[in-house]
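Descriptive structure summary
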Amino acid sequence: AVALDPKRQRTAPPADAVDISVLCPCKNALPWLPAAVRAPLLQLGLVCEVLVVDDWSTDGSSAWLDELAAALGPARASVERTGPSG
């Protein structure tokens, strides 16, 4: 399950209130995703959105990202998926 420190979570900001956007590429990165996503979202004093581009992951990254997007909402987390590029 997706869990951020509840003491530090904030409600979703209005789209025009975002201070910084972080773009994160992902390809079978489940072991590193939680830390990569938490770091910018939990910065105090900044309103951050995280945009993750999932390149056809097969390790559970995609499911974790879906849970994250559902938990945080589109104003804080967005997942885009690329098609297979065989």
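Preceding this section is the structure that the text describes.
Here's what I pulled together on the structure shown here. Just so you know, these numbers come straight off a predicted model, no measurement behind them. (Residues numbered from 1 in each chain as written. Predicted model: local features only at pLDDT ≥ 70, side-chain atom pairs only at ≥ 80, totals over all residues. Heavy atoms only, no water.)

Within a beta sheet, neighbouring strands are joined by backbone hydrogen bonds and run either parallel or antiparallel to one another. Pairing in this open sheet of 3 strands is parallel, and the strands run β1-β2-β3 from one edge to the other. Here the strands that pair on one side only, and so sit at the sheet edges, are β1 (20-26) and β3 (77-81). Going across the sheet, the axis of each strand differs from the next one's by a mean of 20°, ignoring polarity. Pairing of β1 with strand β2 (residues 48-54) involves 7 bridges; the strand directions are parallel. By the bridge assignment for β2, Cys24 is matched with Val52. Of the strands in this sheet, β1 and β2 touch helix α1 (residues 33-41), which is tilted by about 155° from β2. Helix α2 (residues 61-72) contacts β1, β2 and β3 of the sheet and is inclined by roughly 145° relative to β3. (Pairing = 2+ DSSP bridges. Helix = DSSP H or I, 4+ residues; strand = E, 2+ residues; numbered from the N terminus. Axes fitted to C-alpha atoms, helices over the stretch in contact; angles between N-to-C directions. Contact = heavy atoms within 4.5 Å.)

With that settled, consider the environment of Thr58. Counting through the fold element by element, Thr58 comes out in the loop between β2 and α2. By relative accessible area, which is 68% here, Thr58 ends up exposed. Along the primary structure Thr58 and Lys27 are separated by 31 residues, whereas in three dimensions their C-alpha atoms are 8.1 Å apart. (Buried < 20%, exposed > 50% of the residue type's maximum accessible area, 1.4 Å probe, protein only.)

Of all the 7 residues making up β2, 5 are buried; the element is thus mostly covered by neighbouring parts of the structure. Of the crossover connections in this fold, the one passing from β1 over α1 to the parallel β2 is right-handed. Pairing of β2 with β3 involves 5 bridges; the strand directions are parallel. Paired with Val52 across the bridge in β3 is Val79. Handedness of the crossover joining β2 and β3 through α2 is recorded here as right-handed. (Right-handed = clockwise from strand over helix to strand, strands pointing away.)

Taken residue by residue, α1 has Leu33, Pro34, Val37, Pro40 and Leu41 as its buried positions. Each buried residue of α1 sits inside an arc of 155° when the element is viewed along its axis, so together they form one side. (Arc of directions from axis to C-beta.)

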